[in-house]
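Residue-level listing of the chains:
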Amino acid sequence: MTLRANIRAMKGYTPGEQLNDPGIIKLNTNENPYPPSPRVVEAIQRALTANNLRKYPQPLGDQFRQAAAAVLGVDPEAILVGNGSDDLLTILTRAFVPEGGLIASPTPSYILYQSLAEIQGARFQTLRFEADWSRFAEIPAAADITFLPNPNSPSGTVVAPEFLAQLVQKLEPRPLVLDEAYADFADSNGLHQGWSNTPNVILTRSFSKSYALAGIRFGFAIARPVWIREFIKVKDSYNCDVLSLAAATAAIQDQAYFQEIRAKIIATRERCAVQLRALGWDVTPSQANFLWCRRPDRDLKTIYEELKRRKILVRYMSYPVGPTGHDDSPYTGLRISVGTDEEMDRLLAELKAIV
Ligand SMILES: *Cc1c(COP(=O)(O)O)cnc(C)c1O
């Protein structure tokens, strides 16, 4: 069998650890610590009939599109449903990037974009952030697609609105994908700023974090309907199943519950950032549901392992280079998801004991 050389050569994306130990405090993959809306469970139970399982789901998720359009104030035709937002990133890559093409994304950021380039047989260009994460050190040469997670992971930061405007204009007509997996935890987002109606901008959203539905696998993209119609040609015909569509529709319709858990996570995030700083950590101000915590005076791998021994799982991350203004040694930190207040109190107590 002759495997494509780019597949053989690639390492493959490594997802965060998913341990099945119920006693563990899991702060490593940015899941929501709260359950989804009770209406989601009811909707899944209602949808779970033999007849629904027998039939194919709606290919475009019409009901979800209607519900999301009403909540977000966009055209239903501007919405594309996805099997998690990773599915949408794959669809966009397949739609825009030829073999030998170019994908650009900032560093440090989401590692998956590089895997998408490798699978596609495309080149990959990393763009360094400025030291304060507000912009790239230089605006890229035209890539076939540019991915910008905003808020970014692992930093939890958003870029300056004027930089975003510059970037969109500079890339025009080439596409900029604003990966808004964490935008619900930020003060502002691409929809507020009017980017969804710009010809070369595509927004992607995830239900895994802010809607507490990582197990369901659902996300959606927002772009001009002329683009969405093209992306529909690329996606699997039935990329979202009947249960995830029912769940996502119920979730987006329960905005009161969504706002309640969102507010709790933001309050916990702000409190913990202050407390971690008081313990000597360098904590980047976050617009997401996690905190990027560094301390150059300690070996963070050891602290990560010590926490794990104490049944608290965080994400240890090390990048070959950091944002500009850092030295050229590897750039490392702990990315800590915001859990419940009780979970974060345990984390703070253990960190105090360890360090
Ligand atoms: C979690 C995450 C995603 C993936 O979300 P899913 O909807 O679970 O596929 C995409 N982009 C970033 C930056 C993320 O952190």
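Going by the structure above, here's the rest.
Residues numbered from 1 in each chain as written. Predicted model: local features only at pLDDT ≥ 70, side-chain atom pairs only at ≥ 80, totals over all residues. Heavy atoms only, no water.

Caption draft 1: Just the pattern of salt bridges, in detail. If you walk through the whole model with that rule in mind, you get 19 salt bridges. When the shortest N-O distance is used, the salt bridge between aspartate 297 and arginine 295 registers 3.1 Å. Where arginine 310 meets glutamate 306, a salt bridge forms, and the shortest distance between an N and an O atom there is 3.1 Å. When salt bridges with common partners are traced through the structure, they connect Glu306, Arg309, Arg310, Arg346 and Glu350 into a single cluster. (Salt bridge = Lys/Arg side-chain N within 4 Å of Asp/Glu carboxyl O.)

Caption draft 2: Spatial organisation of the packing of helix H4 (residues 62–72) against helix H9 (residues 242–253). In the contact formed by H4 and H9, the axes pass within 9 Å of each other and the chain directions differ by 15 degrees. As the angle between them shows, H4 and H9 are arranged roughly parallel. At the point where H4 passes H9, the crossing takes the left-handed sense. Facing H4, whose interface residues are Gln63, Phe64, Ala67, Ala68 and Val71, H9 presents Leu245, Ala248, Thr249, Ile252 and Gln253. Here the residues of the contact of H4 with H9 sort into 7 nonpolar, 3 polar and no charged. (Axes fitted to C-alpha atoms, helices over the stretch in contact; angles between N-to-C directions. Helix = DSSP H or I, 4+ residues; strand = E, 2+ residues; numbered from the N terminus. Parallel < 35°, antiparallel > 145°, perpendicular 65-115°, else oblique. Left-handed = near helix turned anticlockwise from the far one by under 90°. Contact = heavy atoms within 4.5 Å. Nonpolar A, V, L, I, M, F, W, Y, C, P; charged D, E, K, R; others polar.)

Caption draft 3: How the structure looks around the nonpolar core. Judged by nonpolar contacts, the single largest core of 50 residues is most densely connected at Phe64, Leu148, Leu176, Leu178, Phe207 and Phe218. Counting residues per element, this core draws most heavily on H9, which supplies 6 residues. Structurally, this core is a two-domain feature, drawing no fewer than three residues from each of domain 1 (17–35 + 256–354) and domain 2 (38–254). Ignoring anything within four residues of it in the chain, the contact list for leucine 148 reads Pro106, Phe129, Phe136, Val159, Leu164, Leu167, Leu176, Val177, Leu178 and Asp179. The next biggest cluster of nonpolar side chains, apart from the first, holds 23 residues, and it includes Ile24, Leu27, Ile312 and Leu313. (Core = buried A, V, L, I, M, F, W, Y, C linked by side-chain atoms within 4.5 Å. Buried < 20%, exposed > 50% of the residue type's maximum accessible area, 1.4 Å probe, protein only. Domains from an automatic or database assignment.)

Caption draft 4: Region of interest: the sheet that holds strand S6 (residues 176–179). Taken in spatial order, the 7 strands make up an open sheet running S2-S8-S7-S6-S5-S3-S4, and their pairing is mixed. The outermost strands of the open sheet, each flanked by one partner alone, are strand S2 (79–82) and strand S4 (123–128). Shown here is a sheet whose adjacent strand axes are inclined to one another by a mean of 25 degrees, direction ignored. Across 4 bridges, the pairing between S2 and strand S8 (residues 219–222) is antiparallel. Across the sheet, glycine 82 pairs through a bridge with glycine 219, a residue of S8. Contacting S2 and S8, H4 runs over the sheet at an angle of about 125 degrees to S2. (Pairing = 2+ DSSP bridges.)

Caption draft 5: Looking closely at the sheet that holds strand S10 (residues 290–294). The sheet built from 5 strands is open, its strands ordered S1-S11-S12-S10-S9 with mixed pairing. One side of each edge strand has no neighbouring strand; the edge strands of this open sheet are strand S1 (25–27) and strand S9 (282–283). Taken together, the 3 bridges between S1 and strand S11 (residues 312–319) define a ladder with parallel strand orientation. The residue of S11 that forms the bridge with leucine 27 is valine 314. The strands touched by helix H11 (residues 300–309) are S10, S11 and strand S12 (331–337); relative to S11, the strand with the most contacts, the crossing angle is about 160 degrees. Docked against the sheet, helix H12 (residues 341–354) engages S1, S11 and S12, running at close to 90 degrees with respect to S1.

Caption draft 6: Structural detail: the packing of aromatic side chains. A full pass over the atoms with the stated rule returns 21 aromatic pairs. Their ring planes at 50 degrees and their centres at 5.6 Å tell us that phenylalanine 96 and tryptophan 227 sit as a pair that is tilted. One end of the pair, phenylalanine 96, is in helix H5 (residues 85–96); the other, tryptophan 227, is in helix H8 (residues 225–234), and 131 residues separate them in sequence. Exposure remark for tryptophan 227: the relative accessible area of 30% places this residue in the partly exposed category. Between tryptophan 292 and tyrosine 331 the ring centres are 5.9 Å apart and the planes differ by 35 degrees, which places this aromatic pair in the tilted class. Pair noted here: tryptophan 292 is in strand S10 and tyrosine 331 is in strand S12, with a separation of 39 residues, a long-range link. Side by side, tryptophan 292 and tyrosine 331 carry an identical accessibility label, which is buried. By way of ring pairs, the aromatic residues Phe64, Phe207, Tyr211, Phe218, Phe220 and Phe258 are connected into one cluster. (Phe/Tyr/Trp six-rings, centres within 6.5 Å; stacked < 30°, edge-to-face > 60°.)

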